[in-house]
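Listed below, chain by chain, are the residues.
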Amino acid sequence: MAPLSLALCVAFLLPSGAAAQATVRAARENLRAAPNGSLIGVARAGAPLTVVGSRDRWRQVDLEGWIWALSVGPTGAGSLQVDAGDGENLRAEPNGAILARLEPGAVLDELGRRERWVRVRRRAWIWAPSLSEPRAEPAVRSAPESQEAAAGAKGSAGSLASWVVPEEGVALRAQPDSTRVGTLEGGTTVEVLERRGGWARVRHEGWVPVPEAGEAPGEQPLTGVAAVDLARDPERFAGRRLAWTVQFISLERAERIRTEFYEGEPYVLARGPGEGRPIVYLAVPPELLAAVEALEALDRLDVVGRVRTPRSPLTGAPVLDLQEIR
């Protein structure tokens, strides 16, 4: 595939100082000290979070709530830590709904007290696909106000300016005030080509999955691909849609060690296509869970899925996001 270039108009976002809000949509998801780092706790579905940073498919978030005062103690550095040997619940209010279960030793910032409860905050990292992140319509921010400012912002490519998209992302539009055609993720660097009032025309190069020659984007998934092909050429198949015939073995729930899934995510253990009928995994979305639960062991089914990872870090087997059961 050739790199595709974008030269479209986009509204620049003003750094407002207010971080984006999100909620946990997974049944449970780990809170970590760093992406794939040590475990701090486990957040429950619906827990409100404030997104303050981003790295690849991870989000840095602030979680606030109330914790039982007898379960925490001072660290000696002006903060608190969870002293309870089996961890402690973080709640929306004293004796309120549980937002998360914090691990022993988790360090917390104290915000206030009410009788025998302490209001605390903890910053952590969480897997982005496990979040619901509503996007607000972006505000307008102008490109450099003068030729001198533009000249000072020139990058190595000789552009008018380069600009890093804020963490909350920005809508991409074909023309000023026209229909949204995409989204630039936070942290993306774009090249500013032209300024028009409060809008700027930008360019960003990248790769997108495109079907084989003769197919229009988004039409038919690839067929005739064996499971072993993904391991042999992971770059080629990452993010591609595949049509497979698989043999259902069981429906499982991902354990904490399975980092290619979020903890508790349902997935199908199946025999995939190719010599030896190797093991493959199919992550099951909520809308297909009932259909999968009705399957019986050794059922054969035709599925369409998008490759989440061509090679699981734990077992080496491919993982697909299940999209259709035909």
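Predicted model, so just to flag it, every value in this text is computed and none were measured.

J.: Just give me the short version of the overall build of the chain, but keep the residues and values in it.
T.: What the chain contains, in helices and strands, is four helices and 23 strands. Looking at the chain as a whole, 40% of its 326 residues are labelled buried. Put simply, the chain shows about 17,100 Å² of open surface, and 49% of that area lies on carbon and sulfur atoms.

J.: Describe the packing of aromatic side chains, naming the residues involved and giving the relevant values.
T.: Two descriptors summarise a pair of aromatic rings, namely the distance from one centre to the other and the angle between the planes of the rings. Going through the model one piece at a time under the given rule, you end up with five aromatic pairs. The interplanar angle of 20 degrees and the centroid separation of 4.6 Å between the aromatic rings of Phe 261 and Tyr 267 together place this pair among those described as stacked. For Phe 261, a relative accessible area of 4% puts it in the buried group. Here the aromatic rings of Phe 261 and Tyr 281 are separated by 6.3 Å at their centres, their planes lie at 85 degrees, and the arrangement is edge-to-face. Highlighted residues: Phe 261 in the loop between strand 19 (241-253) and strand 20 (266-271) and Tyr 281 in strand 21 (residues 279-283), separated in sequence by 20 residues. Across the pair, Tyr 281 and Phe 261 agree in class, each one buried. Ring pairing ties together the aromatic residues Phe 261, Tyr 267 and Tyr 281, which thus form one cluster. Lying over the aromatic face of Trp 125, Arg 55 brings its terminal NZ or CZ to 4.9 Å of the ring centre.

J.: Before we move on, could you go through the nonpolar core and cite the residues and values that matter?
T.: Counting residues in hydrophobic clusters, the biggest one holds 27 residues, and the most contacted among them are Leu 31, Ile 67 and Val 82. For this core, the elements supplying multiple residues, two or more each, are strand 2 (20-24), strand 4 (39-44), strand 5 (48-55), strand 6 (58-68), strand 8 (80-82), strand 10 (98-102) and strand 12 (117-127). Ranked by residue count, the leading element in this core is strand 12, at four residues. Every residue in contact with Ile 67, bar those within four places of it in the chain, is listed here: Val 72, Val 82, Glu 88, Asn 89, Leu 90, Leu 102, Leu 108, Arg 116, Trp 117, Val 118 and Val 120. Counting 22 residues, the second largest nonpolar core, distinct from the first, contains Val 225, Ala 270, Leu 282 and Leu 320.

J.: Could you give an account of the pattern of salt bridges, with specific residues and numbers?
T.: Taken as a whole, this structure holds 12 salt bridges when the rule is applied. The salt bridge involving Glu 191 is made with Arg 203; its shortest N-O contact spans 3.3 Å. A residue pair is termed long-range when its members are at least 10 positions apart, and Glu 191 in strand 17 (residues 189-196) and Arg 203 in strand 18 (residues 199-206) qualify at 12 residues. Residue classification places Arg 203 among the partly exposed positions, given a relative accessible area of 32%. Here the salt bridges share partners, and the residues they tie into one network are Glu 64, Arg 119 and Arg 121.

J.: Hey, could you go over the pairing of strand 22 (residues 300-309) for me, with residue numbers and the actual values?
T.: Along a regular strand, successive side chains alternate from one face of the sheet to the other. With seven bridges joining them, strand 19 and strand 22 adopt antiparallel strand pairing. Within strand 22, the position partnered with Trp 244 by the bridge is Val 303.

J.: How would you summarise the sheet that holds strand 22 if you had to cite specific residues and measurements?
T.: Spatially, five strands are ordered 19-20-21-23-22 in a closed barrel, and the strand pairing comes out mixed. The average angle at which neighbouring strand axes cross in this sheet is 55 degrees, direction not considered. As defined by bridge partners, strand 22 adjoins strand 23 (residues 319-325) across six bridges and the pair is classed as antiparallel. Residue pairing for strand 23: Gly 305 is matched across the bridge by Leu 322.

How each quantity is defined
- Residues numbered from 1 in each chain as written.
- Predicted model: local features only at pLDDT ≥ 70, side-chain atom pairs only at ≥ 80, totals over all residues.
- Heavy atoms only, no water.
- Helix = DSSP H or I, 4+ residues; strand = E, 2+ residues; numbered from the N terminus.
- Buried < 20%, exposed > 50% of the residue type's maximum accessible area, 1.4 Å probe, protein only.
- Areas by Shrake-Rupley, 256 points an atom, 1.4 Å probe, with all protein chains shown as cover.
- Phe/Tyr/Trp six-rings, centres within 6.5 Å; stacked < 30°, edge-to-face > 60°.
- Lys NZ or Arg CZ within 6 Å of the ring centre and 35° of its normal.
- Core = buried A, V, L, I, M, F, W, Y, C linked by side-chain atoms within 4.5 Å.
- Contact = heavy atoms within 4.5 Å.
- Salt bridge = Lys/Arg side-chain N within 4 Å of Asp/Glu carboxyl O.
- Pairing = 2+ DSSP bridges.
- Axes fitted to C-alpha atoms, helices over the stretch in contact; angles between N-to-C directions.

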